[in-house]
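Take a look at the letters that make up each chain.
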Amino acid sequence: MRDRIEKGSCFCGKVMAEAHGEPFWVNYDHDDDCRKALGSPLTIWIGYKQEQIRFGGQAPKTFSKTSGVVRSFCAECGSSIGYVDEGLANEYWLTVGFMDHPERFKPAVHAFWSMKLPWVEFADDLPRLWRYSRPRDPAIGDPSSRMKDDR
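Residues numbered from 1 in each chain as written. Predicted model: local features only at pLDDT ≥ 70, side-chain atom pairs only at ≥ 80, totals over all residues. Heavy atoms only, no water.

**So, the pattern of salt bridges**
In the structure shown here, the tally under the stated rule is eight salt bridges. In this structure, the salt-bridge partner of Glu6 is Arg4, at a minimum N-O distance of 3.0 Å. (Salt bridge = Lys/Arg side-chain N within 4 Å of Asp/Glu carboxyl O.)

**Considerations on the nonpolar core**
Counting 22 residues, the largest nonpolar core has Ile46, Tyr48, Ile53, Leu94, Phe98 and Phe105 as the members making the most contacts within it. Residue assignment for this core shows that the elements contributing at least two residues are β2 (15-20), β3 (25-29), β4 (43-49) and β9 (91-95). The residues contacting Tyr48, other than those within four sequence positions of it, are Glu6, Ala19, Gly21, Glu22, Pro23, Phe24, Ile53, Asn90, Glu91, Tyr92, Leu94 and Phe105. Formed by six residues, the second largest nonpolar core is a distinct cluster that contains Trp45, Val69, Tyr83 and Leu88. (Core = buried A, V, L, I, M, F, W, Y, C linked by side-chain atoms within 4.5 Å. Buried < 20%, exposed > 50% of the residue type's maximum accessible area, 1.4 Å probe, protein only. Helix = DSSP H or I, 4+ residues; strand = E, 2+ residues; numbered from the N terminus. Contact = heavy atoms within 4.5 Å.)

**Topic: the environment of Leu94**
With respect to the helices, strands and loops of the structure, Leu94 is situated in strand β9. The exposure class assigned to Leu94 is buried, which follows from its relative accessible area of 1%. Separated by eleven residues in the primary sequence, Leu94 and Tyr83 have C-alpha atoms spaced 6.8 Å apart.

**Some remarks on the sheet that holds strand β5 (residues 53-57)**
Taking strand neighbours across the sheet as the criterion, the three strands line up as β1-β2-β5 in an open arrangement whose pairing is antiparallel. Both outer strands of the open sheet, β1 (5-9) and β5, are each paired with one neighbouring strand and no more. Taken over all neighbouring pairs, the strand axes of this sheet differ in orientation by 20° on average, direction set aside. (Pairing = 2+ DSSP bridges. Axes fitted to C-alpha atoms, helices over the stretch in contact; angles between N-to-C directions.)

**Let's talk about unusual backbone geometry**
Its identity is not glycine, yet Asn90 carries a phi of approximately 65°, on the positive side. Following the sequence through the fold, Asn90 ends up in the loop between β8 (80-85) and β9. Its relative accessible area of 33% is what places Asn90 among the partly exposed residues. Not every positive phi belongs to a glycine, and Phe112 is a case in point at roughly 55°. Within the secondary structure, Phe112 sits in the segment after β10 (110-111). Look at Phe112 and you get buried, because its relative accessible area is 5%.

If you want it as structure tokens, here you go:
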């Protein structure tokens, strides 16, 4: 049996990636920080261990507004690719929109239900968590307490 390999690429195709093996977690995210970064009312994050992901083509560009959280995107077309957070050691989170076959990634939970926009409705029976859906390193802290002051 072959290992699962999922491919992804940005809108212009200059940043490509392969994810090897099974993702450990897939979740809806209603967080306002991610909403602002992606320009969408919510996203679906796909969690892999960092060593499972291999980038090809152009290297993604990175940006950080929150200490310890680094988001990646295509420098050419601006497509969001993913993020890493030092509070979630060795995890790389790809956005479902980056993946070539997003239909293969079924979310298991809603995270940050407390921030869900009131006009977004779901008929599923998935758990609705008020905050994070993954355990975080308490020594690192919550990203909202680590915002960089750039004003």
